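Survey of secondary and tertiary structure
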Amino acid sequence: MGVEKNNFIPLSVPTIKGNEWKYVKECLDTEWVSSVGQYVDRFEKDICQFTGSKYAVACVNGTSALHIALQLAGVKPGDEVIVPTVTFIAPVNTIRYLGAEPVFMDCDDFFNIDIEKTEEFIKQETEYKEGLTINKTTGSTIRAIVPVHMFGNAVNMERILPVCNERNIMIVEDATESLGTYYIEGSIKNKHTGTIGQLGCYSFNGNKIITTGGGGMIVTDDIGHAKKAKYLTTQAKDDEVRFVHNEVGYNYRLTNIQAALGVAQLERLSDFINIKKDNYNLYKKNIDTIQGLHLAEVPGYANNNHWMYPLFVEKVEYGMDREGLMQHLSNNGIQTRPLWYLNHLQKPYIKSQGYKIEKAYELLAKTLNIPCSTNLTERDILKVVRVLKQ
Ligand SMILES: *Cc1c(COP(=O)(O)O)cnc(C)c1O
């Protein structure tokens, strides 16, 4: 078939066409390249302004942000944390970093944690004793929950909040894929994903909607959490001059160079979201006419950042299964990805508890993510559609 290299359409690559060069050059010219500098502070301020969060603390990546956020939520060895089985594995791993265990939940049609089953689990499978939610099966304390806003789809946080508040379960939002998504109705109207729970985390990895190469951010409205996050991510220095440390800290601070990239990328975020939305609509209009294929819907209660475009492949109607379609697209120079393998089936977590996991298997079998970069042209999208039709 002979695919020319310049015809290759990748799944998700960044667009670096704004002030990135200018700001990074300024870091190099002024020799402020490391983890202190005006761009780190500015990036944190800009994220606060964009998301409406009171405080933001930059981290080396989204995974380190989640690690620290869960520690701040009080997760200790022997505790348990509720997490969806459908997610990139990072939030699950951070639970283990703290010596705690995940309890896996099923997902809904938006790939998000199934709220109804989560509520049911908390009400029926746990008991509330002396201010703690105890898992009846294991006897362990369920300290926190990590709702992951999958592919930019907002989790219905309005539904999760009351039961978590009632049961003293801390909420650490994994908003690494949903920067820019905000609610448009209900009691959390206008609030951004990541700013509803006690703590939220963003990622600026190369495949996310904006990138710093690698990077992350913790957001919170609690000044105590913010101060502690900064302390823990900068080696827990209690005396800057004599290097006295009263706790185990981490070297999790973002560098000024990366933050400079972040400031420039954030300037473009609203444009990126508009492009992603237009491309989603163009894909949807064309794909929904193909029998056996449809682009996943997004929740109506939020304005979505449309980070990723999951496609459902109905094997019988389409005449080919997901694996076959992935190969067919690859043969035509189009990169796609299936859903991440379910976390409750991953080797390190095979013994962890899962609750009524059903839908996740169905979505695992039929989901295919198609190219979603902000630099896609109409021609690229129509090519993907054409290959889908062949
Ligand atoms: C990307 C991602 C992370 C981790 O972010 P990194 O910056 O790559 O460490 C965590 N959770 C989810 C759901 C992600 O997609």
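Keep in mind that what you see is a predicted model, and the values were worked out from it rather than measured.

**Quick look at the domain arrangement of the protein**
According to the domain assignment, the protein consists of domain 1 (5–12 + 269–389) and domain 2 (20–266). The C-alpha centroid of domain 2 is placed 25 Å from the C-alpha centroid of domain 1. Summing both sides of the interface, domain 1 and domain 2 together bury roughly 4,100 Å²; the carbon and sulfur share of this comes to 60%. Among the ionic pairs, D109 bridges to K359, the shortest N-O distance being 2.6 Å. At the junction of domain 1 with domain 2, the criterion picks out 30 residue pairs in polar contact (both at pLDDT 80 or more).

**Topic: the pairing of strand β9 (residues 199–203)**
With five of its five residues buried, β9 lies for the most part within the structure. Every second residue of β9 is oriented toward a common face, with L199, C201 and S203 on one face and G200 and Y202 on the other, all of them buried. Pairing between strand β7 (residues 170–174) and β9: three bridges, direction parallel. Residue pairing across strands places E173 opposite G200, the latter belonging to β9. As defined by bridge partners, β9 adjoins strand β10 (residues 216–220) across four bridges and the pair is classed as antiparallel. Bridging from a neighbouring strand, Y202 pairs with M217 of β10.

Procedures and definitions
Residues numbered from 1 in each chain as written. Predicted model: local features only at pLDDT ≥ 70, side-chain atom pairs only at ≥ 80, totals over all residues. Heavy atoms only, no water. Domains from an automatic or database assignment. Buried area = accessible area lost by both parts, 1.4 Å probe. Salt bridge = Lys/Arg side-chain N within 4 Å of Asp/Glu carboxyl O. Polar contact = N/O pair within 3.5 Å; in protein donor to acceptor, adjacent residues only side chain to side chain. Buried < 20%, exposed > 50% of the residue type's maximum accessible area, 1.4 Å probe, protein only. Helix = DSSP H or I, 4+ residues; strand = E, 2+ residues; numbered from the N terminus. Pairing = 2+ DSSP bridges.

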